[in-house]
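Understanding the architecture of this molecule
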Amino acid sequence: MKDLIRTNNPALISFVESLLKSADLAYFIADQAISAAEGSIGMFPKRILVADEQFAKARDLLIDAGLEDELQPPKS
């Protein structure tokens, strides 16, 4: 799985989940447990991960939705 977005913004997480679900793209939200353990003070962002083979499609989907600035930089 590849790291698509890292954020503490619950509205952004919800919006991205909605986009990915509507496109039938598999995703996983990582670091939810650490966020709860730290008391939701926002120190540790949650990561939205997608399957390697769906990563390019997921990035394009979020770029089309105007979320390009929220994406993790591509790894070289």
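Everything below is about the structure printed above this text.
In this report, we go over the structure that sits alongside the text. (Residues numbered from 1 in each chain as written. Predicted model: local features only at pLDDT ≥ 70, side-chain atom pairs only at ≥ 80, totals over all residues. Heavy atoms only, no water.)

With that out of the way, let us pick up the sheet that holds strand β2 (residues 27-30). Picture the strands of a sheet paired through backbone hydrogen bonds; they go either parallel or antiparallel. One open sheet holds the 3 strands; their spatial order is β1-β3-β2, and the pairing between them is antiparallel. Single-partner strands in this sheet number two, and they are β1 (2-7) and β2. Direction aside, neighbouring strands of the sheet carry axes that sit 25° apart on average. Of the strand pairs in this sheet, β1 and strand β3 (residues 46-50) are connected by 5 bridges, and their pairing is antiparallel. Across the sheet, the residue bridging to Lys-2 is Val-50, located in β3. Contacts between helix α3 (residues 55-64) and the sheet are confined to β1 and β3, with β1 contributing the most and set at about 35° to the helix. (Pairing = 2+ DSSP bridges. Helix = DSSP H or I, 4+ residues; strand = E, 2+ residues; numbered from the N terminus. Axes fitted to C-alpha atoms, helices over the stretch in contact; angles between N-to-C directions. Contact = heavy atoms within 4.5 Å.)

Function cannot be read off these values alone, since they describe shape.
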